[in-house]
Amino acid sequence: MTDPVASAAKYNLTSLLGDLGSLPFILLAGVMADAHFNGPGLHSASILGLYAPYIFIAYSAVILSFLSGALWERERQRSRQAEPNRLATVTILFSNFIALSAWACLLLIYVAPIMTVFAICLLLAGFLSLLWVERLTGAAALFSSSYWSMRLRITILVVLLHALVAALMLGDVLI
């Protein structure tokens, strides 16, 4: 039997960490929007002397890799408890593909400015596809409704911020 106080504390910590984890996305997108609309352009957006879009991509790649690893571990645990099935195998392979795609985004920024926009879009697609796979595989049913609500809320926010950053960057590249 689970202790309701311990369960509430775990959710509160998870919720707090999830919300705090979204703050860098908000801060970086805000810095870039400010530079685009009120400054000399996105090329001037920086934090501690580092180019803000690159920080955004790096942070996004780390978070996406973390979520991919969490999906991998959940599926690995489920396949150990039950008969391993093809869906679990495909899900584990998919989570690895997403993590490697996130890593590739870190390399794309060195190819050409337009590839930086592509990296943002690829990361955006990664966040959406992980959420979709969790829903498709039934992993969402394993979560409490409050956790799943938080996961949806934060993913929607992160996806919208990626779309904003991609639009800002595309506008900067095309000008």
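Residues numbered from 1 in each chain as written. Predicted model: local features only at pLDDT ≥ 70, side-chain atom pairs only at ≥ 80, totals over all residues. Heavy atoms only, no water.

## With respect to the overall build of the protein chain
- Counting secondary structure elements, the protein chain contains six helices and two strands.
- Counting all 175 residues of the protein chain, 37% fall into the buried class.
- Counting contacts in the protein chain only where the partners sit at least 6 residues apart, residues at least 24 apart contribute 70% of the total. (Helix = DSSP H or I, 4+ residues; strand = E, 2+ residues; numbered from the N terminus. Buried < 20%, exposed > 50% of the residue type's maximum accessible area, 1.4 Å probe, protein only. Contact = heavy atoms within 4.5 Å.)

## Here we look at the environment of S68
- Tracing the backbone through its elements, the reader meets S68 in helix α2 (residues 52–81).
- Since its relative accessible area comes to 1%, S68 is described here as buried.
- A sequence separation of 30 residues divides S68 from I98, and the C-alpha atoms of the two residues are 6.6 Å apart.
- Apart from residues no more than four positions distant in its own chain, S68 is found in contact with S95, I98, A99 and L130.

## So, the pattern of salt bridges
- Under the definition given, this model contains four salt bridges.
- Among the salt bridges present, the one from D19 reaches R153, with a minimum N-O distance of 3.0 Å. Of this pair, D19 sits in helix α1 (residues 4–38) while R153 is found in helix α6 (residues 145–174), placing the two residues 134 residues apart along the sequence.
- Of the charged contacts in the structure, one is a salt bridge between R151 and E134, with a shortest N-O distance of 3.2 Å. Of this pair, R151 sits in helix α6 while E134 is found in helix α4 (residues 113–136), placing the two residues 17 residues apart along the sequence. (Salt bridge = Lys/Arg side-chain N within 4 Å of Asp/Glu carboxyl O.)

## Comments concerning the packing of aromatic side chains
- Applying the stated criterion across every chain yields a total of five aromatic pairs.
- Centre to centre, the rings of F25 and Y59 are 4.9 Å apart; their planes meet at 65 degrees, and the pair counts as edge-to-face. In this pair, F25 is assigned in helix α1 and Y59 in helix α2, connecting sequence segments 34 residues apart.
- Classification of F25 by relative accessible area gives buried; the value is 2%.
- Arranged with centres 4.8 Å apart and planes meeting at 90 degrees, the rings of Y51 and Y54 form a pair that is edge-to-face.
- Of the residues examined, Y51 reaches a relative accessible area of 26% and is grouped as partly exposed.
- The class of Y54 is partly exposed, set by a relative accessible area of 31%. (Phe/Tyr/Trp six-rings, centres within 6.5 Å; stacked < 30°, edge-to-face > 60°.)

## A few points about the environment of S46
- Its place among the elements puts S46 in strand β1 (residues 46–47).
- Of the residues examined, S46 reaches a relative accessible area of 38% and is grouped as partly exposed.
- Considering only alpha carbons, one finds S46 and M32, 14 residues apart in sequence, at a separation of 7.9 Å.
- Those residues within four positions of S46 in sequence are excluded, and the remaining contacts are V31, Y51 and A52.

## So, the environment of F97
- Mapped onto the elements of the fold, F97 is located in helix α3 (residues 86–108).
- A sequence separation of 29 residues divides F97 from S68, and the C-alpha atoms of the two residues are 8.8 Å apart.

## With respect to a nonpolar patch on the surface
- Together, L13, L16, L17, L20, L23, I26 and L157 make up a nonpolar patch on the protein surface, roughly 610 Å² of accessible area in all.
- It is α1 that contributes the most residues to the nonpolar patch, six residues altogether.
- Within the fold, L13 resides in helix α1.
- A residue is classified by how much of its surface remains accessible, and L13, at 47% relative accessible area, is partly exposed. (Patch = residues over 30% accessible without salt bridge, like charges linked within 9 Å, V, L, I, M, F, W, Y side chains within 5 Å. Areas by Shrake-Rupley, 256 points an atom, 1.4 Å probe, with all protein chains shown as cover.)

## A closer look at unusual backbone geometry
- Its identity is not glycine, yet L48 carries a phi of approximately 55 degrees, on the positive side.
- Within the element layout of this structure, L48 appears in the loop between β1 and β2 (50–51).
- Take L48: its relative accessible area is 85%, and that puts it in the exposed class.

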